[in-house]
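The chain contents come next:
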Amino acid sequence: MNAVMENLLTRRSIRAFEDRPIPKEELDQILKAAQYAPSAMNRQTWQFTVLRSRAKIQELAAAIGKALGRENYTMYEPQTIIITSNLRDSRFGIDDNACALENIFLAAHAFGIGSVWINQLRDACDDPDVRRMLTSYGIPDDHTAYGIAALGYAAPAQLKDIERTGKIVFAD
Ligand SMILES: Cc1cc2nc3c(=O)[nH]c(=O)nc-3n(C[C@H](O)[C@H](O)[C@H](O)COP(=O)(O)O)c2cc1C
């Protein structure tokens, strides 16, 4: 099978990670893939903010959980997260960030690195405690944090096949 197709068809969301760091060169490539995603009118107003400290990742998860009233909330304790943010008033910011996230997931998978989209920061990012943390990471105040890519090597035995039910219609 074509290598790109194989990468695309074998990616799965990973929700348990080994305690093994991601090499910096591979992280850099993953971030480059994010930058190469399409963006509406080529605005590229996104920012990709990387957290590699597991303590900081836990701290952020705890703040998000508190903001959303979810006591046992975790982000699956990954090695690294990439927070994708974009201008709050950008009409297509959310679409652009989704493209970037998919590029991140596929690039990570190409390096044998597992990933999953974490969605809860979007609703929690304007909670004062959470926003203070985002500001300390360098995320601009006029950005909404649209998503998180959690990254790490997959803990064994968690891949399951998922039936794909999205309808395809040829209307020619
Ligand atoms: C917009 C969006 C939000 C998602 N949010 C979460 C999330 O918060 N937590 C999670 O575990 N998975 C999340 N996912 C991953 C989906 O659950 C997953 O992609 C879906 O079950 C299909 O599985 P696959 O990624 O292995 O193909 C999200 C996916 C998308 C596209």
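On a predicted model such as this, the values are computed, not experimentally measured, just so you know.

1. What about helix 3 (residues 54–68)?
Residues separated by three or four positions in an α-helix point in the same direction, a consequence of the helix having 3.6 residues per turn.
Here is step 1 of the chain: Between its terminal C-alpha atoms helix 3 stretches 21 Å, which fits the 21 Å expected from 15 residues at 1.5 Å a residue.
Here is step 2 of the chain: Elements that come into contact with the buried residues of helix 3 comprise strand 1 (47–51), strand 2 (80–87), helix 5 (121–124), helix 6 (128–137) and strand 4 (143–152).
Here is step 3 of the chain: Directly beyond the C-terminal end of helix 3, a positive phi value near 65 degrees is found at Gly69.

2. Comments concerning a nonpolar patch on the surface
Here is step 1 of the chain: On the surface, Met1, Met5, Leu8 and Leu9 cluster together into a nonpolar patch covering about 420 Å² of accessible area.
Here is step 2 of the chain: Secondary-structure assignment places Leu9 in helix 1 (residues 3–10).

3. Remarks on the side chain of Thr84
Here is step 1 of the chain: Looking at the secondary structure, you find Thr84 in strand 2.
Here is step 2 of the chain: Residue Thr84 is classed as buried on the basis of its relative accessible area of 0%.
Here is step 3 of the chain: Discounting residues that sit within four places of it in the chain, Thr84 has contacts with Gln47, Phe48, Asn97, Leu101, Ile104, Thr144, Ala145, Tyr146 and Gly147.

4. With respect to the state of the cysteines
Covalent bonding between the sulfur atoms of two cysteines is what defines a disulfide.
Here is step 1 of the chain: One pass over the full model with this rule turns up zero disulfides.
Here is step 2 of the chain: With no disulfide of its own, Cys99 lies 20 Å from the sulfur of Cys125, the closest cysteine sulfur.
Here is step 3 of the chain: In this structure Cys99 comes out as partly exposed when scored by relative accessible area, which is 31%.
Here is step 4 of the chain: You can call Cys125 buried: its relative accessible area is 1%.

5. Examining the packing of helix 3 against helix 6
Here is step 1 of the chain: Orientation of helix 3 relative to helix 6, taken along the N-to-C sense of each, is 150 degrees, at an axis distance of 9 Å. Our classification of the angle between helix 3 and helix 6 gives roughly antiparallel. Residues Lys56, Glu59, Leu60, Ala63, Ile64, Lys66 and Ala67 of helix 3 pack against Asp129, Val130, Met133, Leu134 and Tyr137 of helix 6.
Here is step 2 of the chain: Along the lines of polarity and charge, the residues of the contact of helix 3 with helix 6 split into eight nonpolar, no polar and four charged.

6. Details of the site of the ligand
Here is step 1 of the chain: Around the ligand, the structure places Arg11, Arg12, Ser13, Arg15, Tyr76, Val116, Trp117, Ile118, Asn119, Gln120, Ile162 and Arg164.
Here is step 2 of the chain: Arg11 places a side-chain nitrogen or oxygen 2.9 Å from an oxygen atom of the ligand.
Here is step 3 of the chain: Of the residues contributing to the shell around the ligand, the split by class is five nonpolar, three polar and four charged.

Thresholds applied
The residue numbers shown here count from 1 along each chain, following its written sequence. Confidence filtering applies because this is a predicted model: local features only for residues at pLDDT of at least 70, side-chain atom pairs given and counted only at 80 or more, and all residues used for totals across whole chains, interfaces and linings. With hydrogens and water set aside, each side-chain value is computed from the structure's full complement of heavy atoms. Here a strand is any run of E in DSSP of at least two residues, a helix any run of H or I of at least four, and the numbering for each starts at the N terminus. One less than the residue count of a helix, multiplied by 1.5 Å, gives the span that helix is expected to have. Residue contacts are counted whenever heavy atoms from the two residues lie within 4.5 Å of one another. Patch definition: residues above 30% relative accessible area lacking any salt bridge, with like charges linked at up to 9 Å and the nonpolar side chains Val, Leu, Ile, Met, Phe, Trp and Tyr linked at up to 5 Å. Surface exposure here means Shrake-Rupley accessible area, sampled with a 1.4 Å probe, where a residue is shielded only by the protein chains that are shown. A pairing counts as a salt bridge when a side-chain nitrogen of Lys or Arg comes within 4 Å of a carboxyl oxygen of Asp or Glu. Relative accessibility thresholds used throughout: buried, under 20% of the residue-type maximum; exposed, over 50%; partly exposed, between the two (1.4 Å probe, protein chains only). When the sulfur atoms of two cysteines come within 2.5 Å, that pair is taken as a disulfide. To get an axis, a line is fitted to the C-alpha atoms, and for a helix only the part in contact is used. The angle between two axes follows their N-to-C directions and goes from 0 to 180 degrees. Put simply, angles under 35 degrees are roughly parallel, angles over 145 are roughly antiparallel, angles from 65 to 115 are roughly perpendicular, and the rest are oblique. In this classification, the charged set is Asp, Glu, Lys and Arg, the nonpolar set is Ala, Val, Leu, Ile, Met, Phe, Trp, Tyr, Cys and Pro, and all remaining amino acids, among them Gly, are polar. Being near a molecule or strand, for a residue, comes down to having at least one heavy atom within 4 Å of it. Each polar contact in these results corresponds to two N or O atoms within 3.5 Å; when the atoms are within protein, one needs to be able to donate a hydrogen and the other to accept it, and residues that are neighboring in sequence are counted only if both atoms are side-chain atoms.

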